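Below, each chain spelled out in residue letters.
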Amino acid sequence: MKLRPADDPDRKRALRCIERPELARAALAPPFTVTAIDGTRFSLEEFQGKVVLLDFWATWCAPCREALPHIREIVNRFQGQPLVVLSVSLDEDEGKWEEFVSSNGMTWPQYWDGGFQGTIARLFRVKQIPHTFTIDADGVLQDERIGDAAIEGKIKKLLARVQEMQPAAKPGQ
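It should be emphasised that the depicted structure is a prediction, and the values quoted were computed from it without experimental measurement.

Q: Is there a simple way to explain the overall build of the chain in this structure?
A: Helix and strand counts for the chain come out as 5 helices and 7 strands. In the chain, the succession of α and β elements from N to C terminus is α-β-β-β-α-β-α-β-α-β-β-α. Taking all 173 residues of the chain together, 44% fall into the buried category. Here the analysis covers contacts within the chain between residues at least 6 apart in sequence; of these, 61% occur between residues at least 24 apart. Here the chain displays about 9,800 Å² of accessible surface, and carbon together with sulfur accounts for 49% of that area.

So this is what it looks like as structure tokens:
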């Protein structure tokens, strides 16, 4: 631990597993850092304490385009709650992706991974799209779905668990 920098994701995970040994046996999501279309940098470690929905898609994928209103609905329905939706495009043409995101009002974090051989796609072993992963507040993979299956129930359960873990506000606060 002493040899790793304080901001190293593997070091942070190891410390979390020391504090909570049950996490050592859990299927933790692989750590990643991305820069979204708006220039904002995100890392999975920054999302600790939040539920994360990773949405892998592409502009050329008809089922992905059909799922877009559903993802938008999730973003809107859970706005203000500890949920982060991160859409990861597997388009090979970055320009087409940027144009599609802009023209379709995709205001939540968007990342271009450059195809199925992209960094994040390989980390999560994505071979088909649309493909979603739901990650809980501890970084544990809780759900994986191919296609536009209902994921809202799982998100609701994980958000309720996050809210239970947060300390109750004292009277007068």
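We are not done yet, so read on.
Q: How should I be thinking about the sheet that holds strand S3 (residues 51-57) in this particular structure?
A: Sheet strands associate in pairs through backbone hydrogen bonding, adopting either a parallel or an antiparallel arrangement. The sheet built from 5 strands is open, its strands ordered S5-S4-S3-S6-S7 with mixed pairing. The open sheet has two edge strands with one neighbour each: strand S5 (110-112) and strand S7 (141-146). Across this sheet, the average inter-strand angle for adjacent strands is 15°, counted without regard to direction. Pairing of S3 with strand S6 (residues 131-135), which is carried by 5 bridges, proceeds in the antiparallel orientation. The residue of S6 that forms the bridge with Leu 53 is Thr 134. Its contacts with the sheet place helix H2 (residues 62-77) against S3 and strand S4 (83-89), and it is angled at close to 160° to S4. Here helix H3 (residues 94-103) sits on the sheet in contact with S3, S4 and S5, set at roughly 165° to S5.

Q: Sorry, what's going on with the state of the cysteines here?
A: Cysteine pairs can be linked by a disulfide, which is a covalent bond between their two sulfur atoms. With the rule as written, the count across this model stands at 1 disulfide. Note on cysteine connectivity: Cys 61 is disulfide-linked to Cys 64, with sulfurs 2.5 Å apart. On the sign convention where negative means left-handed, the S-S torsion of about 75° between Cys 61 and Cys 64 marks this disulfide as right-handed.

Q: What is the right way to read the pattern of salt bridges from this model?
A: Where side chains of opposite charge bring their charged atoms close, a pairing between them can arise. In total, this model carries 2 salt bridges according to the counting rule given. Here Glu 73 and Arg 77 are joined by a salt bridge, their closest N and O atoms 2.7 Å apart. In this pair, Glu 73 and Arg 77 are both assigned in helix H2, 4 residues apart and thus about one turn of the helix distant. Under the relative-accessibility criterion, Glu 73 is labelled partly exposed at 35%. Exposure remark for Arg 77: the relative accessible area of 39% places this residue in the partly exposed category.

Q: Looking at this structure, how should I read the environment of Gln 117?
A: Note that Gln 117 resides in the loop between S5 and helix H4 (119-123). Of the residues examined, Gln 117 reaches a relative accessible area of 58% and is grouped as exposed.

Q: Looking at this model, I keep getting lost on the environment of Leu 83. Mind explaining?
A: Following the sequence through the fold, Leu 83 ends up in strand S4. Residue classification places Leu 83 among the buried residues on the basis of a relative accessible area of 15%. When the C-alpha positions of Leu 83 and Gly 49 are compared, they lie 9.2 Å apart, and in sequence the two are 34 residues distant. Aside from chain neighbours lying at most four places away, what touches Leu 83 is Val 51, Val 52, Leu 53, Ile 74, Phe 78, Ile 155 and Leu 159.

Q: Help me out: how do you make sense of unusual backbone geometry in this one?
A: Excluding glycine, residues mostly carry a negative phi; peptide bonds, for their part, are mostly trans. In the segment running from Ile 129 into Pro 130, the intervening peptide bond is cis, with an omega of -5°. Mapping Pro 130 onto the fold places it in the loop between H4 and S6. Here Arg 125, not a glycine, exhibits a phi torsion of approximately 55°, which is positive.

Reading the values: rules and limits
- Residues numbered from 1 in each chain as written.
- Predicted model: local features only at pLDDT ≥ 70, side-chain atom pairs only at ≥ 80, totals over all residues.
- Heavy atoms only, no water.
- Helix = DSSP H or I, 4+ residues; strand = E, 2+ residues; numbered from the N terminus.
- Buried < 20%, exposed > 50% of the residue type's maximum accessible area, 1.4 Å probe, protein only.
- Contact = heavy atoms within 4.5 Å.
- Areas by Shrake-Rupley, 256 points an atom, 1.4 Å probe, with all protein chains shown as cover.
- Pairing = 2+ DSSP bridges.
- Axes fitted to C-alpha atoms, helices over the stretch in contact; angles between N-to-C directions.
- Disulfide = S-S within 2.5 Å.
- Salt bridge = Lys/Arg side-chain N within 4 Å of Asp/Glu carboxyl O.

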